[in-house]
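Reading the structure
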Amino acid sequence: MEKYIKLNDNDNVVVAIADIKAGEVICGVTAAEDIARGHKMALVEIPEGENVIKYGYPIGHTTETVSAGKWIHSHNLKTNLSSTLEYTYNPKLKDIPVTRKDTFMGYVRKNGEVGIRNEIWIVNTVGCVNGVSNKITELANKRFAGRVDGIHNFVHPYGCSQLGEDQENTQKLLVGMVRHPNAAGVLVLSLGCENNNVDEFKKVLGEYDPERVKFCIVQEHEDEIEYALSQIEELVKYAEQFKQEEVPVSKLVIGLKCGGSDGLSGITANPLIGRISDIMVANGGRTVLSEVPEMFGAETILMDRCQTPELFEQTVSLVNNFKEYFLSHGQPVGENPSPGNKKGGITTLEDKSLGCTQKGGTSNVQGVLLYGDKVVNPGLNLLQGPGNDIVAISGMMASGCHLILFSTGRGTPVGSPVPTVKIATNSDLAGRKPNWIDWNAGRLVEDKQMDSYAEEFFSFILDVASHRKETKNEINGYREIAIFKNGVTL
């Protein structure tokens, strides 16, 4: 196995896919110092202020002259990102025809949507009922054990003392949960006096099926727990009527996420996810790419793949509005990579973004969604949302994603309310954390070829969608939500 990879013929760096020792000859150049796995080595002398090229694109500029064979990282490389930009639409479209007819076993709901789990969800309108919600969930799972795929609640601190966009975002995310087809039935649990009380929440929720959605206002019941359990019993009876049946993959919505990236993320796991996205498009399915800050520096790749000029303009707004959000808080737009990212070999936001956007595969962008919007268009969709793991996967879930493909080079146990498939970028992580990791993409630089391994992985995904397999977050019971917040708490 080679110890390095050159990602593009125009690159002036290589990436170590195994630790390189000083003195080793790499791509015809003698390593001047040790280079850790995932990190970059200069192939030629790069003068101070010149761009470092990786994936065929600039990932920043050198802060000093870097000689061939030297390590390139935070000590001698700085981002080029600074502010909002003007963009020109230069379409580079690739149509992927719908030629596949893969299927999975799902639960067809009364409105025609399909779920991949038959669960009961307890959705709290406000954080004040979190403790009550926990108690209800504990008792309900004992009382109704084995009758549905599970009864789950999702605590959060919001729903009161919020204004404007923050209140709207809370309501949008919770509405997305209530409408999610993985939930056969939903109990909306309210305190009664919060800003996001049931009457206000119903205005945003709109029409709903009273057989599927029940409400419990805890201030109005002498024994709120028993009342809630009686409502859940009705929901369980309702859910029991649904049985799995074969449905086309075109009904499936998959979220594309990366967290705790390393230098192999853009070489193994993210391209593998991108290949799955293209397979989904070939099935007429829907995929969702979010984490807008992790498009910065690679955004033109996505903009040029927008199907129409209107989608291009929406993508420009998506990117520039997020940059303005950063700047309005006095934060630089290029300061994204976390300490874990940097330890794993990611230096600048451009470096991270060029790897992250590979999760979107090669297909055209068919939709651009604001936070809380539901995915409608087949194909690849871009969703407004930050890079933060829990906020991002919560937003994808609320947009209708049935499951999420989540690459990681550092490892994380986090899970969303829907199955969250953890994909290790390297075999070391997969071996150390088998209780977190569902799939090892590190084998792509060891003994697997992309075409066959992607098909193998897609079969695994269909097993998860058909509930023949459970993800590690499901097995461990790791299910969290976080709501995007920007404003004042009263």
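Quick note: structure is the one above.
Residues numbered from 1 in each chain as written. Predicted model: local features only at pLDDT ≥ 70, side-chain atom pairs only at ≥ 80, totals over all residues. Heavy atoms only, no water.

Another point: the packing of aromatic side chains. The final tally for this structure, using the stated rule, is 15 aromatic pairs. Both rings, one in Phe457 and one in Phe460, keep their centres 6.3 Å apart while their planes meet at 15°; by these two values the pair is stacked. You can see Phe457 and its partner Phe460 sitting in helix α12 (residues 450–465), three residues apart, about one turn around the helix. Each member of the pair, Phe457 as well as Phe460, is classed as buried. Among the aromatic residues, those joined into a ring-pair cluster are Phe296, Phe322, Tyr325, Phe326, Tyr371 and Phe484. A cation sits over an aromatic face here: Lys202 above Phe215, 4.5 Å from the ring centre. The cationic tip of Lys422 hangs over the ring face of Phe406; the distance from NZ or CZ to the ring centre is 5.3 Å. (Phe/Tyr/Trp six-rings, centres within 6.5 Å; stacked < 30°, edge-to-face > 60°. Helix = DSSP H or I, 4+ residues; strand = E, 2+ residues; numbered from the N terminus. Buried < 20%, exposed > 50% of the residue type's maximum accessible area, 1.4 Å probe, protein only. Lys NZ or Arg CZ within 6 Å of the ring centre and 35° of its normal.)

Positive phi, normally seen in glycine, also occurs at Cys27, with a value near 55°. Looking at the secondary structure, you find Cys27 in the loop between β3 (25–26) and β4 (29–30). The backbone phi angle of Tyr55 is positive, close to 60°, even though this residue is not glycine. One can find Tyr55 in the loop between β6 (51–54) and β7 (57–62).

Here we come to the pairing of strand β10 (residues 103–108). Consecutive side chains along a regular strand alternate between the two faces of the sheet. Where β10 meets strand β16 (residues 245–248), four bridges bridge the pair, whose relative direction is antiparallel. Within β16, the position partnered with Thr103 by the bridge is Pro248. As judged from the two bridges shared by β10 and strand β11 (residues 114–115), these two strands associate in the antiparallel manner. Residue pairing for β11: Val108 is matched across the bridge by Val114. Counting the residues in the hairpin turn of β10 and β11 gives five residues, including Gly112, whose phi is positive at 95°. (Pairing = 2+ DSSP bridges.)

On to the sheet that holds strand β18 (residues 286–289), then. As summarised here, the arrangement of the seven strands in space is β19-β20-β18-β17-β21-β22-β23, forming an open sheet in which the pairing is parallel. Edge positions in the sheet fall to β19 (365–369) and β23 (439–440), since each has one partner strand and no second. Judged from the four bridges that link them, strand β17 (residues 253–259) and β18 form a sheet pairing that is parallel. By the bridge assignment, Gly255 is partnered in β18 with Val288. Most of the contacts of helix α7 (residues 309–328) go to β19, to which it runs at about 45°, and overall it touches β19 and β20 (379–383). (Contact = heavy atoms within 4.5 Å. Axes fitted to C-alpha atoms, helices over the stretch in contact; angles between N-to-C directions.)

Right, let's get into the packing of helix α5 (residues 269–282) against α12. Look at α5 against α12: their axes get within 10 Å of each other, and the N-to-C directions meet at 70°. Overall, the two elements α5 and α12 adopt an arrangement that is roughly perpendicular. Judged by the twist between their axes, the crossing of α5 over α12 is right-handed. Across the interface between the two elements, Pro271, Leu272, Arg275, Ile276, Ile279 and Met280 from α5 touch Met450, Asp451, Tyr453, Ala454, Glu455, Phe457, Phe458 and Ile461 from α12. For the contact of α5 with α12, the per-class residue count stands at 11 nonpolar, no polar and three charged. (Parallel < 35°, antiparallel > 145°, perpendicular 65-115°, else oblique. Left-handed = near helix turned anticlockwise from the far one by under 90°. Nonpolar A, V, L, I, M, F, W, Y, C, P; charged D, E, K, R; others polar.)

Here the focus is the pairing of β6. As judged from the three bridges shared by β6 and β7, these two strands associate in the antiparallel manner. Its bridge partner being in β7, Lys54 is matched across the sheet by Tyr57. As consecutive antiparallel partners, β6 and β7 are separated by two residues, and within that stretch Tyr55 has a phi angle of approximately 60°, a positive value.

Turning next to the nonpolar core. One broad trend across soluble globular proteins is that nonpolar side chains are buried collectively. By size, the foremost hydrophobic cluster in this structure holds 92 residues, and its most contacted members are Phe104, Met177, Leu272, Leu405, Ile423 and Phe457. Here this core takes 10 residues from α12, the largest share from any one element. Setting aside anything within four residues of it in sequence, one finds Ile423 in contact with Ala269, Leu272, Ile273, Leu405, Phe406, Ser407, Thr408, Trp439, Ala441 and Phe457. Membership of the second largest hydrophobic core comes to 25 residues, among which are Val129, Ala140, Val148 and Tyr238. (Core = buried A, V, L, I, M, F, W, Y, C linked by side-chain atoms within 4.5 Å.)

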